[in-house]
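Close look at the chain arrangement
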Amino acid sequence: MRTPSQEQQAGLLTEYDAESAYTLAYQTLFTNIRFNWNTTPERSHTLLLTTPAAYTGKPLALTNIAITAAQNGYPTILVDADINATDLQQCLGLGEHPGLSDLLLMEDAITPQKIAPHLQKTSIPGLVLLSRGSKIQQAQNMSRQLSFKLQSVIDGLDQLLQGGEERRTGLIIFNSLPVLLSVDAALISAFVDQTFLLIVEGQTTRMQARKAYEQLERVHAK
């Protein structure tokens, strides 16, 4: 899936007119995602958006896709599983806050009631953030915790979405470290309904894209 180049990524969609080419590009991108979306009325849809290699424009691309989903009427939770950066928080104008790493390191069972205080409201109606969290130093080896607890996090987030005012299923979008830099992306892809590789024209090489695809294919990512 192609994203606009870094030079074209000037900011959040909220800064642009609804009819601008920039906004329409993301609407098209979301439509392509939605077209392959096999939803059931019982559960929210989950997906991972990641890159083969490091790309500084990834947080903005993910944030804009999440904004587009919320603007199209899908209650959306953006989950930051990239422990190396706080870019999603910065994109949304939010500060440090307990998040995913804090949940993964909890000794108690992860329930919707435990998750709720870790969610941050954004200025975009229908969009909330579960940041990477505050316990990053203790969670450097997050992969083991993800493998044991990610399903509980997903189940809890889904229940929170369905327990909202609209009482409807929504969308849970995961951000991760690049596929070729960590096993986290492959691990998360095994839990979610869809995985999308963001391919950047002029930056992502064919070899990077192929190796990332093969790595995801080995874990039967959809």
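Everything in this summary refers to the structure shown in the same document. (Residues numbered from 1 in each chain as written. Predicted model: local features only at pLDDT ≥ 70, side-chain atom pairs only at ≥ 80, totals over all residues. Heavy atoms only, no water.)

**A short note on helix α2 (residues 58–71)**
Across its 14 residues, α2 extends 20 Å between first and last C-alpha, which sits within 8% of the 20 Å expected from 1.5 Å per residue. Taken across its 14 residues, α2 has 13 buried, putting it largely inside the fold. Directly after α2, the chain includes Gly73, whose backbone phi takes a positive value near 95°. (Helix = DSSP H or I, 4+ residues; strand = E, 2+ residues; numbered from the N terminus. Expected span 1.5 Å × (residues − 1). Buried < 20%, exposed > 50% of the residue type's maximum accessible area, 1.4 Å probe, protein only.)

**Regarding the side chain of Thr46**
When you line up the elements, Thr46 lands in strand β2 (residues 45–50). The exposure class assigned to Thr46 is buried, which follows from its relative accessible area of 4%. There is a polar contact of 2.9 Å between the side chain of Thr46 and the backbone nitrogen of Asp193. Discounting residues that sit within four places of it in the chain, Thr46 has contacts with Ile154, Ile172, Phe191, Val192, Asp193 and Gln194. (Polar contact = N/O pair within 3.5 Å; in protein donor to acceptor, adjacent residues only side chain to side chain. Contact = heavy atoms within 4.5 Å.)

**So, the sheet that holds β2**
Across the sheet, six strands lie side by side as β4-β5-β3-β6-β2-β7; this open sheet has mixed pairing. With partners counted over all chains shown, the strands left at the sheet margins are β4 (119–121) and β7 (194–197), one partner each. The mean angle between the axes of side-by-side strands here comes to 25°, regardless of whether they run parallel or antiparallel. Across six bridges, the pairing between strand β3 (residues 76–81) and strand β6 (residues 171–176) is parallel. Directly across from Ala81, in β6, lies its bridge partner Ser176. (Pairing = 2+ DSSP bridges. Axes fitted to C-alpha atoms, helices over the stretch in contact; angles between N-to-C directions.)

**So, the packing of aromatic side chains**
Using the criterion set out here, one finds three aromatic pairs in the structure. Arranged with centres 5.6 Å apart and planes meeting at 80°, the rings of Tyr22 and Tyr26 form a pair that is edge-to-face. With a gap of four residues between them, Tyr22 and Tyr26 both fall in helix α1 (residues 21–35), about one helical turn apart. Take Tyr22 and Tyr26: they sit in the same class, and that class is buried. Between the aromatic rings of Phe30 and Tyr74, the centroid separation amounts to 5.8 Å while the plane-to-plane angle is 55°, which identifies the pairing as tilted. With Phe30 in helix α1 and Tyr74 in the loop between α2 and β3, the pair connects residues that are 44 residues apart, well separated along the chain. Each of the two residues, Phe30 as well as Tyr74, counts as buried. (Phe/Tyr/Trp six-rings, centres within 6.5 Å; stacked < 30°, edge-to-face > 60°.)

**What to know about the pattern of salt bridges**
For the structure on display, the rule yields four salt bridges. In this structure, the salt-bridge partner of Arg43 is Asp155, at a minimum N-O distance of 3.1 Å. Highlighted residues: Arg43 in the loop between α1 and β2 and Asp155 in helix α6 (residues 142–162), separated in sequence by 112 residues. Take Arg43: its relative accessible area is 36%, and that puts it in the partly exposed class. Here Asp158 and Arg43 are joined by a salt bridge, their closest N and O atoms 3.9 Å apart. With Asp158 in helix α6 and Arg43 in the loop between α1 and β2, the pair connects residues that are 115 residues apart, well separated along the chain. (Salt bridge = Lys/Arg side-chain N within 4 Å of Asp/Glu carboxyl O.)

**Considerations on the environment of Leu104**
Here Leu104 shows up in helix α4 (residues 100–104). Taking C-alpha positions, Leu104 is 9.7 Å from Gly133, a pair spaced 29 residues apart along the chain. Residues contacting Leu104, with those up to four places away along its chain left out, are Met142, Gln145, Leu146, Lys149 and Val153.

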